[in-house]
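Topology and contacts: notes
What follows is the residue order along each chain.
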Amino acid sequence: RLINEPTAAAIAYGLDNAAEGVYAVFDLGGGTFDVSILRLSQGVFEVIATAGDSALGGDDYDAALRDWALQQAGAAVDEAVPADERLALLRAARQTKEALTDADSAPMSWSRAGQTQQITVARADFEAATAALTARCLRVLQTAMLDADLQADDIQQVVMVGGATRMPQIRAAVA
């Protein structure tokens, strides 16, 4: 039998054995973002609201950090940067983003015009560079809550799904 993704996530996280109540599944993957509000009653999940942004994900956080790093290096974001350098910078941004999950700052280096560029990225810099993306996540969450006619206190637990939910600013914003 096929079940929808939020219900599958809830079951994978063991919520089918949890107390009856209302749960939110906050799914921020690499390329998409979805929120589902579920009600567990007598062992059955009912999806009471969903919302999402198919153009928002962890990859957008990487791109925002890439653009911020270019600006810090004195390059305009729209400056013609060769594709291989832009891709290398995007990889460096992803590695730095992941390092900032556990550290207050992390080095970021990449090659630009044959020279190695290196900066230190503070977690606060990353959070500022991506604040608009985090705000978009919260708007989607608020939409789902409004659609379900619920307040934050009505949610028993939030299940964080997807690698991008490891970012401290996402965890803090959802909390």
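Residues numbered from 1 in each chain as written. Predicted model: local features only at pLDDT ≥ 70, side-chain atom pairs only at ≥ 80, totals over all residues. Heavy atoms only, no water.

Overview of the overall build of the chain
Helix and strand counts for the chain come out as six helices and six strands. Reading the chain from its N end, one meets helices and strands in the order α-β-β-β-α-α-β-β-α-α-β-α. If one aligns the C-alpha atoms of the chain with their principal axes, the spans along those axes are about 65 × 30 × 25 Å. Within the chain, buried positions represent 42% of all 175 residues. Here the contacts in the chain between residues at least 6 apart in sequence split such that 58% fall between residues at least 24 apart. If you sum the accessible surface of the chain, you get close to 9200 Å²; carbon and sulfur atoms cover 47% of it. Of note, the chain has its 13 positive side-chain charges centred 4 Å away from the centre of its 24 negative side-chain charges. (Helix = DSSP H or I, 4+ residues; strand = E, 2+ residues; numbered from the N terminus. Buried < 20%, exposed > 50% of the residue type's maximum accessible area, 1.4 Å probe, protein only. Contact = heavy atoms within 4.5 Å. Areas by Shrake-Rupley, 256 points an atom, 1.4 Å probe, with all protein chains shown as cover. Lys, Arg positive; Asp, Glu negative; His and termini not counted. Charge placed at Lys NZ, Arg CZ, Asp CG, Glu CD.)

Things to note about the packing of helix α2 (residues 58–72) against helix α5 (residues 131–147)
Orientation of α2 relative to α5, taken along the N-to-C sense of each, is 160 degrees, at an axis distance of 9 Å. With respect to α5, the axis of α2 lies roughly antiparallel. The segment α2 lies against α5, with D60, Y61 and A64 engaging L133, T134 and C137. (Axes fitted to C-alpha atoms, helices over the stretch in contact; angles between N-to-C directions. Parallel < 35°, antiparallel > 145°, perpendicular 65-115°, else oblique.)

Observations regarding the pairing of strand β2 (residues 33–41)
One ladder, built from eight bridges, connects strand β1 (residues 21–28) with β2; its direction is antiparallel. Looking at the pairing, A24 lines up with I37 of β2. Between β1 and β2, which follow one another and run antiparallel, lie four residues. Direction of pairing for β2 relative to strand β3 (residues 44–53): antiparallel, over a ladder of nine bridges. (Pairing = 2+ DSSP bridges.)

Comments concerning the nonpolar core
Among the nonpolar cores identified, the biggest contains 42 residues, and F26, L28, I37, M108 and I170 are the most heavily contacted of them. Not counting residues up to four positions away in its chain, the partners in contact with I170 are F26, L28, Y61, T134, C137, M160, A164 and T165. Counting residues in each nonpolar core, the second largest holds ten residues, with L15, Y23, V25 and L38 among its members. (Core = buried A, V, L, I, M, F, W, Y, C linked by side-chain atoms within 4.5 Å.)

A closer look at the confidence of the model for the chain
The predicted model of the chain has a mean per-residue pLDDT of 91, with 98% of residues at 70 or higher. Per-element mean pLDDT across the chain ranges from 81 in helix α1 (residues 5–12) up to 98 in helix α4 (residues 123–129). (pLDDT = per-residue confidence, 0-100.)

Describing the packing of α2 against helix α3 (residues 83–99)
Their axes nearest at 8 Å, the elements α2 and α3 cross at an angle of 110 degrees. With respect to their mutual orientation, α2 and α3 come out roughly perpendicular. Crossing hand, α2 versus α3: right-handed. Residues G58, D59, Y61, D62, A63, L65, R66, D67, A69 and L70 of α2 lie in contact with α3, whose contacting residues are R86, L89, L90, A93, R94, T96 and K97. Within the contact of α2 with α3, the residues separate by chemical class into eight nonpolar, two polar and seven charged. (Left-handed = near helix turned anticlockwise from the far one by under 90°. Nonpolar A, V, L, I, M, F, W, Y, C, P; charged D, E, K, R; others polar.)

Considering the sheet that holds β2
Strand-to-strand pairing in sheets goes through backbone hydrogen bonds, with the strands running parallel or antiparallel. The strand order across the open sheet built from four strands is β3-β2-β1-β6, with neighbouring strands paired in mixed fashion. Every other strand in the sheet has two partners, leaving β3 and β6 (157–161) as the edge strands with one partner each. Here the average twist between neighbouring strands, direction ignored, is 20 degrees.

Some thoughts on α5
An ideal rise of 1.5 Å per residue puts 24 Å on 17 residues; α5 measures up with 24 Å between its terminal C-alpha atoms. Within α5, the full set of buried residues consists of L133, T134, C137, V140, L141, A144 and M145. Mapping the buried residues of α5 onto a view down its axis gives an arc of 140 degrees, with all of them on the same face. The exposed residues of α5 that point more than 90 degrees off its buried face are A132, L146 and D147. Where α5 is buried, its residues meet β1, β2, β3, α2 and α6 (168–174). (Expected span 1.5 Å × (residues − 1). Arc of directions from axis to C-beta.)

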